[in-house]
Amino acid sequence: MKLKASIMDEAQLERSMARIAHEIIEKNNGAEGICLLGIKRRGIPLAEMLQADIRKFEGIEVPMGHVDISLYRDDLSELGDMPRTSDCLIPVDLKDYTVVLVDDVLYTGRTCRAAIDAVFQSGRPKAIQFAVLIDRGHRELPIRPDYVGKNIPTSRNEMVSVLVSPIDGRCGAELYEI
């Protein structure tokens, strides 16, 4: 893979997450009744950023957990015969909450669909919303995010990589040519 461009630096990523937090608060008339669920792997630190921003802006701690979509993927046969055990942390009874799924990159929509399946295995929330840092297009399913940090038109020969400090040691987003 060849680095083609830097899409976001740390400051731009943090501003995008702060804007998404404001949009979540505005759309839901406050943060009461919101539960953030990060989609493993990089969706978790992004959900943590949203949680911190909402705490800063609203003064309340919204529940935050995560979903692991490995058992819900529709391409399991391509991943091997033995799927990994699902590891989901749902911190509240979902029936009283609007769940905001958080992911790093939206591409085909299959990850989001799998995350919705995982959420419904844990309960029936009032609503599900979807926040993504980068929307790169090329949808294969009728999935549309409610909150987007940045739209980046890409070709199928490109890959977007989001970097988060807890995993990568730095924050940002980069575009690679495959």
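Please read all numbers here as calculations on a predicted model, not as lab measurements.

Let's talk about the pattern of salt bridges
Summed over all chains, the structure comprises 10 salt bridges. Across the pair Arg110 and Glu140 runs a salt bridge, and its minimum N-O distance is 2.7 Å. Of this pair, Arg110 sits in helix 4 (residues 110-122) while Glu140 sits in the loop between strand 5 (127-135) and strand 6 (147-151), and the two are 30 residues apart along the sequence. Between Glu174 and Arg170 there is a salt bridge, and its shortest N-O distance comes to 3.1 Å. By relative accessible area, which is 44% here, Arg170 ends up partly exposed.

A word on the sheet that holds strand 3 (residues 64-67)
Reading across from one edge, 3-2-4-5-6 is the order of the 5 strands in this open sheet, with parallel pairing throughout. For this open sheet the edge positions go to strand 3 and strand 6, each flanked by a neighbour on one side alone. When the angles between neighbouring strand axes are averaged without regard to direction, this sheet yields 25 degrees. With 4 bridges joining them, strand 5 and strand 6 adopt parallel strand pairing. Bridge assignment links Ile134 to a residue of strand 6, and that residue is Lys150. Here helix 1 (residues 10-27) sits on the sheet in contact with strand 2 (34-39), strand 4 (98-106), strand 5 and strand 6, set at roughly 150 degrees to strand 6.

Conventions adopted
- Residues numbered from 1 in each chain as written.
- Predicted model: local features only at pLDDT ≥ 70, side-chain atom pairs only at ≥ 80, totals over all residues.
- Heavy atoms only, no water.
- Salt bridge = Lys/Arg side-chain N within 4 Å of Asp/Glu carboxyl O.
- Helix = DSSP H or I, 4+ residues; strand = E, 2+ residues; numbered from the N terminus.
- Buried < 20%, exposed > 50% of the residue type's maximum accessible area, 1.4 Å probe, protein only.
- Pairing = 2+ DSSP bridges.
- Axes fitted to C-alpha atoms, helices over the stretch in contact; angles between N-to-C directions.
- Contact = heavy atoms within 4.5 Å.

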